[in-house]
Amino acid sequence: MKVPIAKDFPDHHDAELVLKLYELRRESVMRESRKFMLNDWWPKGYEDLAAIAKFDHPDNAKLRQVTGYWELAYGLAKHGIVQPEYLADSMGGEGFFLLARVHPFLERFRTEAPNPRFLRNTEWIATNTEIGKALFAAILARTQQMIAAR
């Protein structure tokens, strides 16, 4: 897929979309799901990701809600709807924390699980924007330290 060339600078349309994304993050079920995924879910390996990805897992809806949100948000940048550097800077690193937690077994999950596109947009913004690269590198290192300490 050819990705459109992004605008050089964000404009008021970008700001409106980012503000809407921020509003969606505040919805009560989304807040609960985000809290669980950021604070309580610490996969120790591929098996933990494969387990929560099954629809009968009690926390599957939380995983789908949070990953779906970040994929939608970062997809706006990947497809040229929102200026990518602006989105990466505006949204902070929350989506990158989830990517960092599954990063060691992400490729295996994509090949063995039913979703070969899992976190593709999140990975794209983390590896194709200057802000994303710097932020993801720091978050990945921090997350690995936190996992090792558990």
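Residues numbered from 1 in each chain as written. Predicted model: local features only at pLDDT ≥ 70, side-chain atom pairs only at ≥ 80, totals over all residues. Heavy atoms only, no water.

Some words on the packing of helix 6 (residues 94-102) against helix 8 (residues 120-128)
Here's step 1: In contact at an axis separation of 10 Å, helix 6 and helix 8 are set at 105 degrees when each is read in the N-to-C sense. Comparing the axis directions of helix 6 and helix 8 gives the class roughly perpendicular. Each of Gly95, Phe96 and Leu99 in helix 6 lies in contact with helix 8, whose residues at this interface are Thr122, Glu123, Ile125 and Ala126.
Here's step 2: Here the contact of helix 6 with helix 8 is built from residues that sort into four nonpolar, two polar and one charged. (Axes fitted to C-alpha atoms, helices over the stretch in contact; angles between N-to-C directions. Helix = DSSP H or I, 4+ residues; strand = E, 2+ residues; numbered from the N terminus. Parallel < 35°, antiparallel > 145°, perpendicular 65-115°, else oblique. Contact = heavy atoms within 4.5 Å. Nonpolar A, V, L, I, M, F, W, Y, C, P; charged D, E, K, R; others polar.)

Notes on helix 4 (residues 60-78)
Here's step 1: Its 19 residues place the ends of helix 4 26 Å apart at the C-alpha level, agreeing with the 27 Å of an ideal helix rising 1.5 Å per residue.
Here's step 2: Among the 19 residues that make up helix 4, 14 are buried, leaving the element largely enclosed by the rest of the structure.
Here's step 3: Of the residues flanking the end of helix 4, it is Gly80, one or two places downstream, whose phi is positive at about 80 degrees. (Expected span 1.5 Å × (residues − 1). Buried < 20%, exposed > 50% of the residue type's maximum accessible area, 1.4 Å probe, protein only.)

Comments concerning the confidence of the model for the protein
Detail in the predicted coordinates should be disregarded across regions flagged by low pLDDT.
Here's step 1: Overall, the prediction assigns the protein a mean pLDDT of 90, with 95% of residues at 70 or greater.
Here's step 2: Within the protein, the lowest mean pLDDT, 79, falls on helix 1 (residues 12-25), and the highest, 97, falls on helix 8. (pLDDT = per-residue confidence, 0-100.)

A closer look at unusual backbone geometry
Here's step 1: One non-glycine residue, Leu119, lies in positive phi territory at about 60 degrees.
Here's step 2: For Leu119, the position within the fold is in the loop between helix 7 (106-112) and helix 8.
Here's step 3: By relative accessible area, which is 1% here, Leu119 ends up buried.

Quick look at the nonpolar core
Here's step 1: Core analysis: the largest hydrophobic core is formed by 40 residues, its most contacted members being Met37, Trp41, Leu49, Leu87, Val102, Phe118 and Ile125.
Here's step 2: It is helix 4 that contributes the most residues to this core, eight residues altogether. (Core = buried A, V, L, I, M, F, W, Y, C linked by side-chain atoms within 4.5 Å.)

Some details on the side chain of Asn60
Here's step 1: Locating Asn60 in the fold gives a position in helix 4.
Here's step 2: A polar atom in the side chain of Asn60 sits 2.9 Å from the backbone oxygen of Ile52.
Here's step 3: A polar contact is formed between the side chain of Asn60 and the backbone oxygen of Lys54, at a distance of 3.3 Å.
Here's step 4: In this structure Asn60 touches Ile52, Ala53, Lys54 and Phe55, once residues within four positions along its chain are discounted. (Polar contact = N/O pair within 3.5 Å; in protein donor to acceptor, adjacent residues only side chain to side chain.)

Regarding the layout of surface pockets
Here's step 1: Considering only enclosed or pocket space, the largest pocket measures out at about 240 Å³ in volume.
Here's step 2: Forming the walls of the largest pocket are 16 residues, and the residues nearest its centre are Ala53, Arg64, Phe109, Asn115 and Phe118.
Here's step 3: Considering each element in turn, the lining of the largest pocket owes the most residues, six residues, to helix 4.
Here's step 4: In the lining of the largest pocket, the residues fall into eight nonpolar, four polar and four charged. (1 Å grid on protein atoms, 1.4 Å probe; cavity = no way out; pocket = protein on both sides within 12 Å on 5 of 7 lines; lining within 4 Å. Points joined across faces, edges and corners; volume = space filled by probe spheres on them.)

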